[in-house]
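Descriptive analysis of the structure
One letter stands for each residue in the lines below.
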Amino acid sequence: VNRIVAGTAALAAAVVLCAAGGSSTAYWQDAETTTSFTMTTGSLTLTPIADTARWMLDGAPLESDARVVPGSSVGYTQTFEVQMTGDGLAATVGIGPGAVSAMADTFQLASAELIGAGIEASGTPGLWRVRDGGEVTVALQYDWPAGAAVDDDSQGVSIGIDASTLLLAQVTP
Amino acid sequence: VTGVRGRRRPGLWAVLVTAALVVVAGIATSQASMAYWNSQESTSGVTLQAGTADLVVTGVDEREPELYPGASATLAIAEVANTGDVDLDLSLTFGTRPTALEAAATISAWRAGTSSCDGPPDAPSSAAAGQRIDLGRLEPTGTAYLCLGVVLAPDAGAELQDEPDWFFDVTVDGRQP
């Protein structure tokens, strides 16, 4: 009994001490703030320049009543403005040439080029690397090679060339 | 008492693991917002019309000349017009000529600018049947006359009189260069 009494008394004393000690728990702190900073995002845009689109037939402007024949070469040029604003911004321009709607076997895309300062080949056909903004000109050429075989069925045919697509896309510098 | 002794405060490793998880969670959240910019534009399309190659041959002088030994005749047998959209290289081919005519007559053909048929022969009488004779290039909207000259030999035999079957074809061909 004495042990029980003594133990109980000791436990009570410990609880009292703990309660008293808990009320004095504390910590110190000190807070500072950094300076604030406002950033503005850059831009990456491709914009056609007005009145630069040209269709040509054998080097001369394509007239509305023009007739293409075996041996004809149809060219297209158009200039676009590439705006690149941003530190370390790099991009590529890809050309998706428009398809030929009729006589696709004989009237075909001969070349698709992107011309301009700051343009360099990417190593992938149809894709160019752009490091600086500025004007770029897309040049497409569709040829109808003249051959040795007679193809009178191709006379009087209406041939459509669809619009081509230019995609300016950000890439890793 | 034993139960109280068994509890442990969170150790340093637990704190570090928790902090690492918080960092990983933060990175995972930021990955969802990774992006890049692009801008797309299109050129204009176009519809083209294929041209035609069309040669129109119209008879001009359809006389049947009366020939006799030593006589000659010149006929503008056709007007040839390029009504297509491309240059055409003209050529002429004689069909098979009657044997008697071949033996007794000299036949030549040529291209002329007018129906008066001025100009030297392009196709000499020695041209064999089926042999292509070049008549030069005819541009779109251009016209030319095909002329035929026949000379009956002075020593042509009397058996050739009233010969009704001296008939042969002359074919004109236009081919894109």
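First, a word on scope: everything that follows refers to the structure included in this document. Since this is a predicted model, take the numbers as computed values, not measurements. (Residues numbered from 1 in each chain as written. Chains lettered and ligands numbered in written order. Predicted model: local features only at pLDDT ≥ 70, side-chain atom pairs only at ≥ 80, totals over all residues. Heavy atoms only, no water.)

As for the pattern of salt bridges
All names here are of chain B.
- In the structure shown here, the tally under the stated rule is four salt bridges over all chains.
- For Asp89, the salt bridge is made with Arg137, and the minimal N-O distance between the two is 2.7 Å. With a gap of 48 residues between them, Asp89 in strand 5 (residues 88-94) and Arg137 in strand 7 (residues 132-138) connect regions that are remote in the sequence.
- In this structure, Asp173 and Arg132 form a salt bridge, with 3.4 Å as the shortest nitrogen-oxygen distance. Of this pair, Asp173 sits in strand 9 (residues 170-175) while Arg132 sits in strand 7, and the two are 41 residues apart along the sequence.
- Note on Asp173: relative accessible area 27%, which makes it partly exposed. (Salt bridge = Lys/Arg side-chain N within 4 Å of Asp/Glu carboxyl O. Helix = DSSP H or I, 4+ residues; strand = E, 2+ residues; numbered from the N terminus. Buried < 20%, exposed > 50% of the residue type's maximum accessible area, 1.4 Å probe, protein only.)

As for the interface of chain B and chain A
- Contact residues are listed per partner, giving 21 residues for chain B and 42 residues for chain A.
- Here chain B meets chain A over a buried area of about 2600 Å², counting both sides, of which 56% is carbon and sulfur.
- It is Trp37, Thr43 and Leu48 of chain B that lose the most area in chain B upon contact with chain A, and together they represent 28% of the buried surface on that side.
- Inspection of the chain B/chain A interface yields zero salt bridges. (Contact = heavy atoms within 4.5 Å. Buried area = accessible area lost by both parts, 1.4 Å probe.)

Considerations on the sheet that holds strand 6 (residues 105-112) of chain B
Residues and elements named next belong to chain B.
- Ordered by their spatial adjacency, four strands build an open sheet running 3-4-8-6, and the pairing between neighbours is antiparallel. One side of each edge strand has no neighbouring strand; the edge strands of this open sheet are strand 3 (55-59) and strand 6. Pairs of neighbouring strands in the sheet enclose a mean axial angle of 25°, with direction left out of account.
- Where strand 3 meets strand 4 (residues 72-82), five bridges bridge the pair, whose relative direction is antiparallel. Looking at the pairing, Gly59 lines up with Ala78 of strand 4. (Pairing = 2+ DSSP bridges. Axes fitted to C-alpha atoms, helices over the stretch in contact; angles between N-to-C directions.)

As for the state of the cysteines
All names here are of chain B.
- Per the stated rule, a full pass over the model turns up one disulfide over all chains.
- There is a disulfide in this structure between Cys117 and Cys147, and the S-S distance comes to 2.0 Å. Between Cys117 and Cys147, the S-S dihedral sits near -90°, and the bridge is therefore left-handed. Here Cys117, found in the loop between strand 6 and strand 7, pairs with Cys147, found in strand 8 (residues 143-152); they are 30 residues apart in sequence, far enough to count as distant. Judged on exposure class, the residue Cys117 and its partner Cys147 are both buried. (Disulfide = S-S within 2.5 Å.)

Section: the layout of surface pockets
- Of the volumes computed, that of the largest pocket is approximately 1100 Å³.
- In terms of lining residues, the largest pocket is bounded by 34 residues, among which Arg63, Glu64, Pro65, Trp166 and Phe167 of chain B are the most central.
- At the level of secondary structure, the elements contributing two or more residues to the lining of the largest pocket comprise strand 3, strand 4, strand 8 and strand 9 of chain B.
- Looking at the lining of the largest pocket, the element that brings in the most residues is strand 8 of chain B, giving four residues.
- Here the lining of the largest pocket is composed, by residue class, of 23 nonpolar, three polar and eight charged.
- Space inside the second largest pocket adds up to approximately 610 Å³.
- In this structure, the second largest pocket is lined by 26 residues; those nearest its centre are Ala149, Val150, Asp151 and Asp152 of chain A together with Gln176 of chain B.
- No other element matches the three residues that strand 9 of chain B contributes to the lining of the second largest pocket.
- In terms of residue class, the lining of the second largest pocket is built from 13 nonpolar, eight polar and five charged. (1 Å grid on protein atoms, 1.4 Å probe; cavity = no way out; pocket = protein on both sides within 12 Å on 5 of 7 lines; lining within 4 Å. Points joined across faces, edges and corners; volume = space filled by probe spheres on them. Nonpolar A, V, L, I, M, F, W, Y, C, P; charged D, E, K, R; others polar.)

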